[in-house]
Amino acid sequence: MAIIKRQKSEPIQSLYQKRITLLALIIFFISFVIIGRLFVLQIWDHSFYHDLAERRQEVLKNLLPLRGSIYTKEKDQLFPLVTNRDYYLVYAEPVKIKDAKKVIDAITPILGLKEEEWQPLLAKLSKGSDPYEPIKHKVAKPEMEKIQALKIEGIGILPESYRFYPEKGIGGQLFGFVGFKGDEKIGQYGLEGYFNQPLTGKSGEIKSIKDALGSLITIGPRSIKKAENGVDLVLTIDRTVQFIACQKLKFYYDYFRAESGTVIIMKPSGEILAMCNYPDYDAENYGEVGNIDYFNNPAIFAAYEPGSVFKMVTMAAGLDSGKVTPESTYIDTGEVKIDSFTIRNSDLKAHGQQTMIQVLENSLNTGVIFVEQLIGKETFQKYVKAFGFGQPTGITLDKEMPGDISPLDKPGRIYGMTSAFGQGITVTPLQLTAAFGAIANKGTLVKPYLVSEIIHPDGKKEEFGPQTVRQVVDPKTATLLTGMLTSVVERGYGKKAGVKGYYFAGKTGTAQVPAPGGGYGGKTIHTFVGFGPVSNPQFVMLVKLNNPSGPRFAEDTICPLFHDIAAYLLNYYQIPPDY
Amino acid sequence: MSKFFRLAKKPARESSRSKKRFSFVKISSQDLKVMLVTLIAVAGISYLIQINSLATKGYQIKELENRVAELSQENSDLQLDALSLQSMGAVKEKVDKLGLVASGKADYLQTTPVALAR
């Protein structure tokens, strides 16, 4: 029996052993497969599945910074000239819309859509496969709320930030605008263009996980890189002065049916109080501008042949180099012949013996040619450059032109002679203002500036003040020239610019505009630049009208504009009279 | 028996009592299991409650944040409307409507030195 038992148990034990071994092998194999699969999923293809899961669960949002505002300061209070305002985008998801016609009927009266707008929209909304279609940008809050109240399936609303200008119609060319370049909003022209990067700030991002409904889960992992808002700019512009300057300019522009006009008002220390051009554009609706040229600021962009107003520079060079005094005389024969050219006075008259004071009073071309010939072209050119012509002033505005004084490099006496009375070379209105500012400022040229403060998002302030460029002429020269320019306003062509009770210094210029085919055509540019009161100059002002109709000379067109604005400023700044 | 003698004898009795006090309570393995399961269940439930309340608070915070954003937006809109009303253009319009006139020439008083004698 015992032998039989031993014989029977051995195969059973062996079978069990085999089965266990087989089971172990199967378990081992399955485990191996599982581990292998896990290895592939978690390690080998980690990045793929990680990204897949991330896309399902994680949310990555760009945090947009708030664009900085542009302010002006009024008695230590900041008043925004350019800031941001939230509007709304109304959009459609045609895939969710069942009856497109009904939707159009409901939204058209609220959004004020015209037939040419809603008809193509109806076709787009009828396309069931279209996932997204914008309907109207820049929708105001009351309209947005009406649309929201309709609760139409497939119609959505998104907030959008736009630039807002509380003061309408003053300085579109000064501020510039924020427009789209592709999908990105970019500041273009003017201050917006020059300070685009600091005004924009830096984008941030938020990374978190979301629930099934797409809301962020508070307890989930979250990383936030905060957006850094743009800086704020504080301008030297006086809101009231800017408004009045623009209004008066528009009045004279309309009255003389001019092609365009410019006014610049600057403190002798370089602070720009007003910079206005007409025609201008509404920066809020920059897309409606018919002519793209209107985006450029003529005060810094439109270099032109200045004409007689440039005689101030020639006379300053003559006085400062000691070649002439205000009482120096010459004989005016009415014309100067050089090679095959004959240069005449604007009144075509010969005045006989004339002093340098009379040269400026009567705006004699022959007189400044006499001065230029005395000092020589090289010295004259040195003074022209020293006054800042031929190079940008460095004002913080986009697209400033340097002007062109290269004709003075050319050989030939004619170039120096014509430049002496402002022909053949080009300058910008701002360069002229700065040059007269140097005379008002005892011969020191200062850099014109528009931004007095930059306020960073953390409250840190960068302040900017007067910046001396160079001493152009001796203070004595500046004083003598101021006297001569005062005589221009008191007795010369600038009479109509003067204000009773005050002494002003200034010079008129009626420049011929070069014709496209060469030579000069019938168009003229009228300029007057002056400063006052001469005892203690408070402001320098340039006024300019391009091709005004009616009177031939600047004294009848532009001098009254200077007078009107100057009279207002004297009253506004409460400047007591000289006599 | 004096008081001091009684006190001297006391420690002998106290030690026999403390022996009884610190004798271990016998807990069966079954009880231990029940206790462990209960402890885990309580900890789990309290964790769930905590997490749930945190998540709910998250939604409440979000709602409040939305409300704050809405009010800030309204405030900003009102400020911008006020700015438009303070603009030079708006003021000029009102001045014209009211028929106000610009101030005329200002007279300045000149202070001249005066000699006084007694």
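Keep in mind the model is a prediction, meaning the values are calculated, not measured.

Right, let's talk about the overall build of chain A for a bit. Per the secondary structure count, chain A includes 18 helices and 23 strands. Its C-alpha radius of gyration of 37 Å places chain A more than 25% over the 25 Å reference for a compact globule of 579 residues. When each of the 579 residues of chain A is scored for burial, the buried share is 48%. Restricting the contact set of chain A to residue pairs at least 6 apart, pairs at least 24 apart contribute 71%. Total accessible area on chain A is roughly 28700 Å²; 55% of this is exposed by carbon and sulfur atoms.

Glancing now at helix α18 (residues 554-572) of chain A. For an α-helix, 3.6 residues make a turn, and residues three or four places apart therefore share a direction. Residue and element names in this part refer to chain A. In a regular helix each residue adds 1.5 Å, so 19 residues correspond to 27 Å; α18 covers 26 Å between its end C-alpha atoms and thus fits that length. For α18, the complete set of buried residues consists of Ala 554, Thr 557, Ile 558, Cys 559, Pro 560, Leu 561, Phe 562, Ile 565, Ala 566, Leu 569 and Leu 570. Taken together, the buried residues of α18 touch α9 (239-255), β11 (260-266), β21 (505-514), β22 (520-532) and β23 (539-546). Two residues or fewer after α18 comes Gln 574, characterised by a positive phi angle close to 50 degrees.

This part takes up the sheet that holds strand β12 (residues 272-278) of chain A. All names here are of chain A. The five strands are arranged β12-β11-β23-β22-β21 in an open sheet whose pairing can be described as antiparallel. A single partner strand is all that each edge strand has here, and the edge strands are β12 and β21. Direction aside, the axes of adjacent strands within the sheet are offset by 10 degrees on average. In terms of strand pairing, β11 meets β23 through seven bridges, oriented antiparallel. When the sheet's bridge partners are listed, Gly 261 is paired in β23 with Leu 545. Each of β11, β21, β22 and β23 is contacted by α18, which is oriented at about 145 degrees to β23, the strand it contacts most.

Listed as interface residues are 22 residues of chain B and, on the opposing side, 26 residues of chain A. Both faces considered, chain B and chain A share a buried interface measuring about 2000 Å² in area, 57% of it formed by carbon and sulfur atoms. Together, Leu 80, Met 88 and Tyr 108 of chain B form the three largest contributors to the area buried by chain B at its contact with chain A, with a combined 32%. Here chain B is connected to chain A by two salt bridges. Asp 77 of chain B is the partner of Arg 85 of chain A in a salt bridge, and the nearest nitrogen-oxygen pair spans 3.9 Å. At the junction of chain B and chain A, the tally comes to five residue pairs in polar contact (both at pLDDT 80 or more). Elements supplying a minimum of two residues to the side of chain B that touches chain A: α2 (29-86) and α3 (88-98) of chain B. Here the element with the most residues in the side of chain B that touches chain A is α2 of chain B; it accounts for 14 residues. Partitioned by chemical class, the residues of the side of chain B that touches chain A number nine nonpolar, eight polar and five charged.

Residues and elements named next belong to chain A. Of all 10 residues in helix α11 (residues 311-320), nine are buried; the element is thus mostly enclosed. Every buried residue of α11 is accounted for by Lys 311, Met 312, Val 313, Thr 314, Met 315, Ala 316, Ala 317, Gly 318 and Leu 319. Directly after α11, the chain includes Gly 322, whose backbone phi takes a positive value near 80 degrees.

Another aspect to go through is the nonpolar core. Residues and elements named next belong to chain A. Membership of the largest hydrophobic core comes to 94 residues, with the highest contact counts inside it found for Leu 191, Met 275, Met 315, Phe 387, Phe 389 and Leu 481. Top contributing element to this core by residue count: helix α16 (residues 429-440), with eight residues. Listed in part, the 31 residues of the second largest apolar core include Phe 256, Val 489, Phe 539 and Leu 561.

Moving on, we come to the packing of aromatic side chains. Aromatic ring pairs are defined here through the distance separating the ring centres and the angle between the ring planes. Residue and element names in this part refer to chain A. All chains considered together, the criterion is met by 24 aromatic pairs over all chains. Between the aromatic rings of Phe 528 and Phe 562, the centroid separation amounts to 4.7 Å while the plane-to-plane angle is 65 degrees, which identifies the pairing as edge-to-face. Of this pair, Phe 528 sits in strand β22 while Phe 562 sits in helix α18, placing them 34 residues apart in sequence. Classification of Phe 562 by relative accessible area gives buried; the value is 0%. The ring of Phe 79 carries the charged tip of Arg 239 above its face, separated from the ring centre by 3.7 Å. One cation-aromatic arrangement involves Lys 544 over Tyr 304; the distance from NZ or CZ to the ring centre is 4.7 Å.

A word on unusual backbone geometry. All names here are of chain A. A cis amide bond, omega 5 degrees, links Tyr 278 with the succeeding residue Pro 279. Locating Pro 279 in the fold gives a position in the loop between β12 and α10 (298-301). Its identity is not glycine, yet Ser 363 carries a phi of approximately 50 degrees, on the positive side. Locating Ser 363 in the fold gives a position in the loop between α12 (356-361) and α13 (365-375). For Ser 363, a relative accessible area of 5% corresponds to the buried category. Despite not being glycine, Gln 574 shows a phi value in the positive range, around 50 degrees. Tracing the chain through its elements places Gln 574 in the segment after α18.

So, on to the sheet that holds strand β1 (residues 58-63) of chain A. Residue and element names in this part refer to chain A. The sheet built from three strands is open, its strands ordered β1-β8-β9 with antiparallel pairing. Both edges of this open sheet fall to β1 and β9 (222-225), since each of them pairs with a single strand only. For this sheet, the mean inter-axis angle between neighbouring strands, taken without regard to orientation, is 10 degrees. Sheet analysis places strand β8 (residues 204-209) next to β9, joined by four bridges and oriented antiparallel. Residue pairing for β9: Lys 207 is matched across the bridge by Ser 223. Packed on one face of the sheet, helix α2 (residues 46-57) meets β1 and β8 and runs near 65 degrees to β1.

All names here are of chain B. Residue-level pLDDT values for chain B average 81, and 79% of them are 70 or greater. Helix α1 (residues 3-21) is the least confidently modelled element of chain B, averaging 51 in pLDDT, while α3 averages 93, the highest of any element. The complex prediction reports pTM at 0.81, with the ipTM value standing at 0.73.

On the basis of relative accessible area, Pro 279 of chain A is assigned to the buried category, the value being 13%. Separated by 29 residues in the primary sequence, Pro 279 of chain A and Lys 250 of chain A have C-alpha atoms spaced 8.2 Å apart.

Taken together, the side chains of Leu 22, Ile 26, Phe 28, Phe 29, Ile 30, Phe 32, Val 33, Ile 34 and Leu 38 of chain A make up a nonpolar region of the molecular surface, amounting to roughly 910 Å² of accessible area. In this structure Leu 38 of chain A comes out as partly exposed when scored by relative accessible area, which is 39%.

Quick look at the packing of α11 of chain A against α13 of chain A now. Residue and element names in this part refer to chain A. Packing of α11 against α13 leaves a shortest axis separation of 9 Å and a crossing angle of 40 degrees. Taken as axis vectors, α11 and α13 run oblique relative to one another. Here α11 runs over α13; the crossing is left-handed. Across the interface between the two elements, Lys 311, Thr 314, Met 315, Ala 317 and Gly 318 from α11 touch Asn 365, Val 368, Val 371, Glu 372 and Ile 375 from α13.

Residue and element names in this part refer to chain A. Mapping Ser 406 onto the fold places it in the loop between α14 (377-386) and α15 (413-420). Taking relative accessible area as the criterion, Ser 406 reaches 33% and is therefore assigned partly exposed. Taking the C-alpha atoms as reference points, Ser 406 and Pro 131, 275 residues apart in sequence, are found 60 Å from one another. A distance of 2.6 Å separates a polar atom in the side chain of Ser 406 from a polar atom in the side chain of Asp 404.

Rules of the game
Residues numbered from 1 in each chain as written. Chains lettered and ligands numbered in written order. Predicted model: local features only at pLDDT ≥ 70, side-chain atom pairs only at ≥ 80, totals over all residues. Heavy atoms only, no water. Helix = DSSP H or I, 4+ residues; strand = E, 2+ residues; numbered from the N terminus. Rg over C-alpha atoms; globule rule 2.2 N^0.38 Å. Buried < 20%, exposed > 50% of the residue type's maximum accessible area, 1.4 Å probe, protein only. Contact = heavy atoms within 4.5 Å. Areas by Shrake-Rupley, 256 points an atom, 1.4 Å probe, with all protein chains shown as cover. Expected span 1.5 Å × (residues − 1). Pairing = 2+ DSSP bridges. Axes fitted to C-alpha atoms, helices over the stretch in contact; angles between N-to-C directions. Buried area = accessible area lost by both parts, 1.4 Å probe. Salt bridge = Lys/Arg side-chain N within 4 Å of Asp/Glu carboxyl O. Polar contact = N/O pair within 3.5 Å; in protein donor to acceptor, adjacent residues only side chain to side chain. Nonpolar A, V, L, I, M, F, W, Y, C, P; charged D, E, K, R; others polar. Core = buried A, V, L, I, M, F, W, Y, C linked by side-chain atoms within 4.5 Å. Phe/Tyr/Trp six-rings, centres within 6.5 Å; stacked < 30°, edge-to-face > 60°. Lys NZ or Arg CZ within 6 Å of the ring centre and 35° of its normal. pLDDT = per-residue confidence, 0-100. Patch = residues over 30% accessible without salt bridge, like charges linked within 9 Å, V, L, I, M, F, W, Y side chains within 5 Å. Parallel < 35°, antiparallel > 145°, perpendicular 65-115°, else oblique. Left-handed = near helix turned anticlockwise from the far one by under 90°.

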